[in-house]
There are 2 protein chains.
Amino acid sequence: NNSPELELETFDKDLIFQGLKRMYRKKILPLEISSKYGHFHSPPLSPSDFDAKPMVLLLGQYSVGKTSFIRYLLGRDFPGIRIGPEPTTDRFTCILDGEVDKIIPGAALCSQADRPFRGLSPFGNNFLSKLEAVEMDAPILRNITLVDTPGILSGAKQSVGRNYDYDNVMKWFAERADLIIIMFDAHKLDISDELKRVIEMMKPHADKVRVVLNKADSVSTQQLMRVYGALMWQLGKVMNTPEVCRVYMGSFWGAPLKNTEQATLLNREKLDLFQDIAQLPQNAVMRRINELVKRARGVKVHAYIIHYLRKQLPYTFGKREKQARLIDRLDRELIMCARRYELPRGDFPPVEPLRQALLEIKDLSEFPKLDKKMVKEMDKVFSVDIPALLEKARGEH
Amino acid sequence: NNSPELELETFDKDLIFQGLKRMYRKKILPLEISSKYGHFHSPPLSPSDFDAKPMVLLLGQYSVGKTSFIRYLLGRDFPGIRIGPEPTTDRFTCILDGEVDKIIPGAALCSQADRPFRGLSPFGNNFLSKLEAVEMDAPILRNITLVDTPGILSGAKQSVGRNYDYDNVMKWFAERADLIIIMFDAHKLDISDELKRVIEMMKPHADKVRVVLNKADSVSTQQLMRVYGALMWQLGKVMNTPEVCRVYMGSFWGAPLKNTEQATLLNREKLDLFQDIAQLPQNAVMRRINELVKRARGVKVHAYIIHYLRKQLPYTFGKREKQARLIDRLDRELIMCARRYELPRGDFPPVEPLRQALLEIKDLSEFPKLDKKMVKEMDKVFSVDIPALLEKARGEH
Ligand SMILES: Nc1ncnc2c1ncn2[C@@H]1O[C@H](COP(=O)(O)OP(=O)(O)OP(=O)(O)O)[C@@H](O)[C@H]1O
Ligand SMILES: Nc1ncnc2c1ncn2[C@@H]1O[C@H](COP(=O)(O)OP(=O)(O)OP(=O)(O)O)[C@@H](O)[C@H]1O
Ligand SMILES: [Mg+2]
Ligand SMILES: [Mg+2]
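## Some words on the sheet that holds strand E3 (residues 102-105) of chain A
Either a parallel or an antiparallel arrangement is found when strands of a sheet pair, and the pairing is made through backbone hydrogen bonds.
All names here are of chain A.
Right, so step 1: The strand order across the open sheet built from eight strands is E3-E4-E2-E5-E1-E6-E7-E8, with neighbouring strands paired in mixed fashion. Whereas interior strands pair on both sides, the edge strands pair on one side only; in this sheet they are E3 and strand E8 (247-249). Averaged over neighbouring strand pairs, the angle between their axes works out to 20° when direction is ignored.
Right, so step 2: Relative to strand E4 (residues 131-136), strand E2 (residues 92-97) runs parallel, the two sharing six bridges. Within E4, the position partnered with Thr 93 by the bridge is Glu 132.
Right, so step 3: Each of strand E1 (55-60), E2, E4, strand E5 (145-148) and strand E6 (179-185) is contacted by helix H5 (residues 66-74), which is oriented at about 160° to E5, the strand it contacts most.
Right, so step 4: The strands touched by helix H12 (residues 263-278) are E6, strand E7 (209-214) and E8; relative to E8, the strand with the most contacts, the crossing angle is about 135°.

Okay, structure coming up:
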């Protein structure tokens, strides 16, 4: 089989991650710094953004079996685990690879530079007290990180006790996750407004979303079909994508099936889901490469925008007024910039946020001159360095 | 069991239909005629509007098995039947109860006063050549009428050869049908734009719509689940109702199941669908009563509107101008009319079409005076006649 996806399985992942980190540090980061990319878009990547394990995010209504599923994947309890028919999990729990069982409180977790959770600090103490990590030794954790989340309640119950920015915390995790599992319970399928809102937040990440219809063995086959159909009906309306979301139905815990009529189906579904999860590390390599390329294109365009605007400014008088005028007609300036430097319009950022960020810059002429050599070096990342890295990783294995 | 729905099963349907016909002729129709209800709204009901058998409308992409399903319900071929893997059915075929096998061409069908198809004549000769009825003797036809429709093709193929107003023909049938079955093929599930449009036309009748996922035995269980899920996903988006449409999956023809893994499920689904169809005659009684009551309320309001407007006209000069002014400010006049005669606002027709119809009336004062005795008689339809009829039908059985 010659498909690149399968070949990737024989890649040396660590070699690739090291290579990407080096490329970023040497060829992309310098341009980010000189063009203040961090001010306009997102802060520089940290090493953990490259080699952190693929993250699986679990979410869903309370009591659907999220924590039980995690326990099942781990093969045993994690420290501090709580499972029960009432709403139990009240925090975000990141389950990480470690030699001994250990609980790391949220505030401590966010301050570890080698962990990919530093970006959570801005959510503040109220949130950090609802965040923790556990370290433990379990085979699956050598390849992936799991994140358990508080069950979604409905109506007023939901907002009580949530004194942090839940939506943005969810979005933060969803952006970074490699797989988002939305879990439902075949027993009580009702998509509350709160759950619907969370599902809608996952729409930009539709390709990473999988749905699990849990406890599928506790209803009759015909009931299961009705529940499954109703679920798809509602999801189609909420997600509103042409691509159908993959739904795995089964019973994802240790106990034997209650209703065995669909045993063959449910067992196959379970195998499929596990295969989906097992492929994450391989897919993560491609995704990291892809993300890096996307970022580099964004950085290049950004550097040229700054360069272009800076060049329009007069040397002596009227700088301030000219800068204000440029920002004012920013949309037209961006079109000119794209034309002059032959940059793809699709790589340009949205105008409004850029305008806002520019308004905070006193004097654009204080930016360093664009170093074209730096740009050329970065261009080589796409054309030379990444292909070479992939070649090397394949060869050395 | 005391629920009225179940009690209805022991009703004498024919007695009820005869009673409704008599009530209509004696108490509602006179008011319709004197107030020209037909000019403003819809032509008088014909006897066949009361006792026509419940109609089941079959529709879907070509080759999904619509005609085969009808054949299966009938237990044998109907005259002129064509079944095949290519697009076969090219016409609307109404399958009716009759003593001997007989084909009735479209034009002849529309001119039969005792058939409920007279309303199809205005669709013209091009359509009538694509319409036919067949009469035959089959047990199911004693209780229901079946309508087979041309398979929906996709893209350009569809419009070629359709030289009649397909959409409005479909709507005509959908309005009159008691059950609308949209059939899909588990093999080739793809909702073309043309099919999507037809499904959207069925939205006002969502309560009558059932979906059949046919040939469910020709794929594996997991494939069937994917296909079923994808179908619900897409239907949810197209129908966009909170209520989930009932989908029956199975193989609806005479042959034994190919893949028997889901035999239990598919057989149960078939039983459920047949039960759904078997209940139609009972439900039709309630629907006919309901429709008659709705119509009578509309007739009453209409008669009062004419009465009210007529009373505003001067006896001698300035009639024309006054009538024009009344029509001009018709919305306000309707509110006054509702208030004066204590009529429910919800029974009033939409203003614009009424205005248009009024503009075609030269002189409103030529309408006969409203006969209040007639209105009183009609009021008794709701309060006395229908309850008495139901009582009698129950008693005599
Ligand atoms: N596959 C399953 N079949 C039947 N019951 C299950 C299954 N998985 C979990 N349960 C039961 O469902 C209940 C809820 O489980 P669990 O605490 O894992 O749910 P949760 O989604 O983590 O809830 P919360 O959001 O409140 O944390 C428990 O009583 C558990 O034993
Ligand atoms: N339940 C079934 N399982 C497998 N094949 C079937 C089934 N029902 C019908 N078929 C086959 O599918 C093909 C199409 O059947 P049929 O002509 O009844 O479809 P149709 O929906 O009426 O098509 P058209 O819209 O063109 O009239 C035929 O070859 C028929 O034998
Ligand atoms: Mg939990
Ligand atoms: Mg056909």
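## Notes on the sheet that holds strand E4 (residues 131-136) of chain B
Residue and element names in this part refer to chain B.
Right, so step 1: Ordered in space as E3-E4-E2-E5-E1-E6-E7-E8, the eight strands form an open sheet in which the pairing is mixed. In the strand order of this sheet, the two ends are held by strand E3 (102-105) and strand E8 (247-249), each with one partner. Here the average twist between neighbouring strands, direction ignored, is 20°.
Right, so step 2: One ladder, built from six bridges, connects strand E6 (residues 179-185) with strand E7 (residues 209-214); its direction is parallel. Bridge pairing in E7 links Ile 180 to Val 209.
Right, so step 3: This element, helix H11 (residues 221-239), spans E6, E7 and E8 of the sheet and lies at about 155° to E7.

## Some points on the coordination of the magnesium ion (ligand 4)
Residue and element names in this part refer to chain B.
Right, so step 1: Coordination of the magnesium ion (ligand 4) by the protein involves Thr 67 (OG1) and Thr 89 (OG1), with metal-donor separations of 1.9 to 2.0 Å. Highlighted residues: Thr 67 in helix H5 (residues 66-74) and Thr 89 in the loop between H5 and strand E2 (92-97), separated in sequence by 22 residues. Just as Thr 67 is buried, Thr 89 falls in that class too.

Reading guide: rules and limits
Sequence order as written defines residue numbering, which begins from 1 separately in each chain. The order in which chains are written sets their letters, starting at A; the order in which ligands are written sets their numbers, starting at 1. Only residues with pLDDT of at least 70 get local features here, since the model is predicted, and only at 80 or more are side-chain atom pairs given and counted; chain-wide, interface and lining totals rely on the full set of residues. The basis for every side-chain value is the complete set of non-hydrogen atoms in the structure, without hydrogens or water. Between any two strands, pairing holds if DSSP finds at least two bridges. Put simply, DSSP marks the helices as runs of H or I at least four residues long and the strands as runs of E at least two long, and each gets a number from the N terminus on. Only the stretch in contact is used when a helix axis is fitted, and all axes are lines through C-alpha atoms; the angle between N-to-C directions ranges over 0 to 180 degrees. Contacts are assigned to residue pairs with any non-hydrogen atoms lying within 4.5 Å of each other. Donor atoms are limited to N, O and S found within 2.8 Å of the metal ion, a distance that becomes 3.2 Å for Na, K and Ca. With water left out, some sites might look partial. Relative accessibility under 20% of the residue-type maximum defines a buried residue, over 50% an exposed one, and the middle range a partly exposed one, all with a 1.4 Å probe and only protein chains included.

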